[in-house]
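# Coordinates in review
Each chain is listed here by its residues.
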Amino acid sequence: FATAPGVFAESGRMFLLDVSGDLNQTVGNRSAAEILKTSCTQAIERFYPSEVIGLRVFAGRDSASGTLLIPPKANSTRAFHDAVQAIRPHGERFSLFRAIQVGIEDLDSFSNSELIVSTAGELDPEPNSAELVRLLKEKQIRLHAYAIGNKSSFAWLGELALEAGG
């Protein structure tokens, strides 16, 4: 994930994290929440402090736009770390399709950006995947997908990321 400072001055990274009750599941001998926190912490350690990062979390069907914890901005690695460590699983499954749409909107003012999506929940393949791929390509946003656990529905998310150039 790391880039040299100044190489992509207008690029941004937006993390979309599933913080639903699905994070309470055990994967191997660890909770999905613990796996999420560890992987996010390791990822952020590779970033330069000046890199633009943001964080939005999703849980429950009532939170169609999720909760923006950190708007995409530079020098927010410490805030990101603290916000991730404070995550507590809650709520039900959400629309991953809508979460990705919101993430695209969050990165609207940046070019050559990355959308990093992590989920531990069961996913319903979306009939409008082609629309998401079109938007991601049009906005020059690479989609990276991280699935925690072993669910057959994760294949849809992986295929979407591949189609979008992530």
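Just above, that's the structure.
In this text, all values refer to a predicted model and were calculated from it rather than measured experimentally.

## What about the packing of aromatic side chains?
Overall, the coordinates contain two aromatic pairs when judged by the stated rule. Consider the rings of phenylalanine 15 and phenylalanine 47, whose centres lie 6.2 Å apart with planes at 55 degrees: the pair is tilted. With phenylalanine 15 in strand S1 (residues 13-18) and phenylalanine 47 in the loop between helix H1 (32-45) and strand S4 (53-58), the pair connects residues that are 32 residues apart, well separated along the chain. In terms of burial, phenylalanine 15 and phenylalanine 47 fall into one category: buried. An angle of 55 degrees between the planes, with centres 4.7 Å apart, marks the rings of phenylalanine 15 and phenylalanine 80 as tilted. Residue phenylalanine 15 is located in strand S1, and its partner phenylalanine 80 is located in helix H2 (residues 77-85); the two are separated by 65 residues in the primary sequence. For the pair shown, phenylalanine 15 and phenylalanine 80 are each scored as buried.

## A word on the environment of phenylalanine 110
For phenylalanine 110, the location among the structural elements is in the loop between helix H3 (96-106) and strand S6 (113-119). The sequence separation of phenylalanine 110 and valine 52 amounts to 58 residues, and the corresponding C-alpha distance is 9.5 Å.

## Some details on the pattern of salt bridges
A complete count under the given rule lists ten salt bridges for this structure. Note that glutamate 114 and arginine 142 form a salt bridge whose closest N and O atoms lie 3.0 Å from each other. One end of the pair, glutamate 114, is in strand S6; the other, arginine 142, is in strand S7 (residues 141-147), and 28 residues separate them in sequence. On the accessibility criterion, glutamate 114 (9% relative accessible area) is buried. Here arginine 142 falls in the partly exposed class, since its relative accessible area comes to 25%.

Definitions and limits used
Residues numbered from 1 in each chain as written. Predicted model: local features only at pLDDT ≥ 70, side-chain atom pairs only at ≥ 80, totals over all residues. Heavy atoms only, no water. Phe/Tyr/Trp six-rings, centres within 6.5 Å; stacked < 30°, edge-to-face > 60°. Helix = DSSP H or I, 4+ residues; strand = E, 2+ residues; numbered from the N terminus. Buried < 20%, exposed > 50% of the residue type's maximum accessible area, 1.4 Å probe, protein only. Salt bridge = Lys/Arg side-chain N within 4 Å of Asp/Glu carboxyl O.

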